[in-house]
Structures are given as C-alpha cells and as structure tokens.
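Tertiary structure, described
What follows is each chain in one-letter form.
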Amino acid sequence: MITYPYDAPEGFAAVEVAPGIRWLRLPLPWALDHVNAYALEDAHGWTLVDTGIDSKRMRAHWQGILTVTLGGKPVTRLIATHHHPDHIGLAGWFQGQEVELLTSRTAWLYARMLTLDTQRDLSPESLTFQARAGVDPSTRGDRFAFSDVVAPMPLGFTRLEEGDWITAGGRRWQVRLGQGHAPDHVTLWSDDVVIMGDQVLPSISPNIGVYPTEPEADPLGEYLSTLQRFAPLAGDQLILPGHQRPFYGLAPRIEALIAEHEAGLDRLAAHLSTPRTAVGCFPALYRREITPGEFGLALAETLAHLNRLRVLGRAQRRLGPDGAFAWSA
C-alpha cells in the first residue's frame, strides 16, 4: 500500500520530511508542471538535490528559496540525480557560485555534451529515426534545444559511483545507480530515507525511451533489471521522488511498475499480430489519443517496448519500401 505523509509545499515554502531534510517543489512550464528538489542541512551549509530548469523565473525562484526558506545559509554542494533538464538545468549556475557539483560521470558527460550541441535543425540521423518509426513527414517537428533550458556547465565535477558513501543532512547515504530512465541515475539510500529521483515515482512510470542517439538500445530491459535489483532493499523507508509526493510503500510500488510494463509488453505483442509501425502501436500501449505535446515521449517509450520485445524474441521488424519498419509478432 502506498501512503503519502505530506502535502506539497507552495511557493518558496519547504516541508521538513525528516530531520535535516526539506522538500521543495519547483515550477515547470510543461504538462508535468513541477519537479522536486531537496535541501539537506549540514553543519556549515546546505546540500541540494536537483535544480529545475534554467530560466529567469527559476533563478528568481531559487533566490527566494535561498533567502527566505534556507535562511541565507550557504549552499556548498549540489547533487544532480541525472542529466535531464528539470534536474540539472541550473547546475552550472550554482557552480558559478562556488557550489560543488556531485553526479555520475555519465550524467555529467551527457549534460555537458547536450549543452554544447546547439544545432537547431533535426540531424539526418534524427530524420531517419523518425522515418523508420513511421512518423508522418508533416508532423516531424523541430529539435528540442537542451541548451535553452540548461545553464552552461563549466569543467569540473565530483563523480558519484555505485557503492560510494556520502554524508549529508545528518545521515550517511549509499549511492546506487539506476538505469532505464536515464543512464547511471543516482539514487541515495540511508536507513530510513531514500532519495529516489525519477527512478521510482509513486503513481506514474518515468519515461523509458529510445532516441536517435542509441536507436537499438534496450532501456526497458535495463529499467526492469534495476527495479528487480532494488526490490530486496525496499523496507519501510520514506521515498523522496523527483515528481509528485514523498511516499511510503517502495516494495508494492516496484511490484506495480514491473507488472505495468509487463502488461504493456503483452498488449503490444498481441497488437503485432498485424504488422505495425511504431506510431501504429500507440493504441496498444496508451489506449487514448496522444496529443502533439506528448508525441515525442510516446514515440520514445513505444520504441523502448518494441526493442524489449525484439530482445526477448517476441517481435521482429522489416524495413519497408517507405523507409519505415513494420513490426510484427
């Protein structure tokens, strides 16, 4: 059973979810309209976890938090759970204020690489990726510009590796790296609290997607393996997720996520009794209309499920004369 012990904070307010740990909710301009950040109190300052995107609004929001909520006590360290913009967007801004950045090597490399890639047009590889997925040419949109919402990242960070220990907020935390939603996603485990980021969310699944950078990847297989690795560690810890509310009930949530994705794979395999493009598989996974704003994430997640079926030997694909893959059971 999942339980939620705290209501969400508003504005600059914070909720103390455990001694020395405060929960902040930062606004996002997207359908998922918030991201969580956490402030861990140390003897001489604060350790922050995640930042929100880089924007004038977010910088002003943080100035309010630093002054009003955190009492002007200095921020000394920032932990970024993974490379997505809503989690690492202001890392470079904080580093410019002499804040140490801690994250996994893969997260830092991805984020820095993407901030330096300012090309606005879709690459030839991206166009091929969309064509093979069956995307209508008239709906192929512009490229998402990572650098528009992530501050420039200077050289230098402190690497977090699997099994490392750090001290913050009056606790010792062990680093465990998750996969699937983002490569080498940092999670932090103490005896009574787990900082989970987006690896496990309480009532939605994190997006598990395949992208043009690695079109043959099997992130869903990696995600399910991570859940199975975390399951034996689940006890009565308070879980601090990257979105939605902190919760108790990690074990049943992991069980539900595994069941949800396995059911999606079964529906998709049945749907492939007739050959389909990836876009033609949306009804099997979502069973609702996908809006233009959801299209990119829906396509990425559909391809993750198709690639998982292919790895399992439950699906095959054939390139058609129109340049699209036809997937079949």
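In case you missed it, the structure is sitting above this.
About the thresholds
Residue numbers restart at each chain and count upward from 1, following the sequence in its written direction. For a predicted model such as this one, the threshold for reporting local features is a pLDDT of at least 70, and the threshold for listing and counting side-chain atom pairs is 80 or more; totals across whole chains, interfaces and linings nevertheless cover every residue. The basis for the side-chain values is all heavy atoms of the structure; hydrogens and waters are excluded. A run of H or I in DSSP counts as a helix once it spans at least four residues, and a run of E counts as a strand once it spans at least two, with each numbered from the N terminus. Taken over C-alpha atoms, the radius of gyration is set against a globule rule of 2.2 Å times the number of residues to the power 0.38. A simple rule labels every residue: compare its accessible area, found with a 1.4 Å probe on the protein chains alone, to the largest value its type can have, and call it buried under 20%, exposed over 50%, or partly exposed in between. Two residues qualify as a contact provided that any one of their heavy atoms is within 4.5 Å of a heavy atom in the partner residue. Under the convention used here, a 1.4 Å probe and the Shrake-Rupley method define accessible areas, while residue burial counts only the protein chains that appear. All tallies of charge rest on Lys and Arg as positive and Asp and Glu as negative; His and the ends of each chain are not included. A single reference atom marks each charge: NZ on Lys, CZ on Arg, CG on Asp, CD on Glu. DSSP calls a pair of strands paired once it identifies at least 2 bridges connecting them. Given a helix with a known number of residues, its expected span is that number minus one, times 1.5 Å. Each reported salt bridge corresponds to a side-chain nitrogen of Lys or Arg within 4 Å of a carboxyl oxygen of Asp or Glu. Orientation is described by axes fitted as lines to C-alpha atoms, over the contacting stretch for helices, and by angles from 0 to 180 degrees between their N-to-C directions.

**Quick look at the overall build of the protein**
- From N to C terminus, the protein includes nine helices and 14 strands.
- Against the compact-globule benchmark of 20 Å for 329 residues, the protein has a radius of gyration of 20 Å, which places it among compact chains.
- By its C-alpha atoms, the protein is 65 × 45 × 35 Å across when sized along the principal axes.
- Buried positions account for 53% of the 329 residues belonging to the protein.
- Counting only contacts in the protein whose residues sit at least 6 apart along the sequence, the fraction spanning at least 24 positions is 65%.
- In the form shown here, the protein has an accessible surface area of approximately 14700 Å², with 53% of it arising from carbon and sulfur atoms.
- Charge separation in the protein, taken as the distance between the mean sites of 29 positive and 37 negative side-chain charges, equals 2 Å.

**Details of the sheet that holds strand β6 (residues 100-103)**
- The seven strands are arranged β1-β2-β3-β4-β5-β6-β7 in an open sheet whose pairing can be described as mixed. Of all the strands in the sheet, just β1 (15-18) and β7 (158-159) have a single pairing partner and so form its edges.
- In terms of strand pairing, strand β2 (residues 21-27) meets strand β3 (residues 34-42) through seven bridges, oriented antiparallel. Within β3, the residue paired with Leu 24 across the bridge is Ala 37.

**As for helix α9 (residues 295-311)**
- Given a rise of 1.5 Å per residue, 17 residues ought to cover 24 Å, and the 24 Å separating the end C-alpha atoms of α9 matches this to within 8%.
- Across the 17 residues that make up α9, a large majority, 12, are buried.
- Listed in full, the buried residues belonging to α9 are Ala 298, Leu 299, Ala 300, Glu 301, Thr 302, Leu 303, Ala 304, His 305, Leu 306, Asn 307, Arg 308 and Leu 309.
- The secondary structure elements touched by the buried residues of α9 are α5 (124-132), α6 (219-230), α7 (250-271), α8 (282-286), β13 (316-319) and β14 (325-328).
- The first or second residue beyond α9 is Gly 313, which carries a positive phi of 80°.

**Some thoughts on the pattern of salt bridges**
- Going through the model one piece at a time under the given rule, you end up with 12 salt bridges.
- A salt bridge links Asp 266 to Arg 314; the nearest nitrogen and oxygen atoms lie 3.0 Å apart. Of this pair, Asp 266 sits in helix α7 while Arg 314 sits in the loop between α9 and β13, and the two are 48 residues apart along the sequence.
- Residue classification places Arg 314 among the partly exposed residues on the basis of a relative accessible area of 33%.
- A cluster of three or more residues bridged by salt bridges with shared partners is formed by Glu 216, Arg 310 and Arg 317.

**A short note on the sheet that holds strand β8 (residues 165-168)**
- Across the sheet, which stays open at both edges, the five strands sit in the order β8-β9-β10-β11-β12 with mixed pairing between neighbours. The open sheet terminates on both sides in strands that have one partner only, identified here as β8 and β12 (238-241). Within the sheet, the average angular offset between the axes of one strand and its neighbour, ignoring direction, is 30°.
- Two strands pair when backbone bridges link them, and strand β10 (residues 185-189) and strand β11 (residues 193-197) are joined in this way by two bridges, in the antiparallel orientation. Each bridged residue has a counterpart across the sheet, and for Leu 188 the counterpart in β11 is Ile 195.
- Set on the sheet, α6 makes contact with β9 (171-178), β10 and β11; between it and β9 the angle comes to about 145°.

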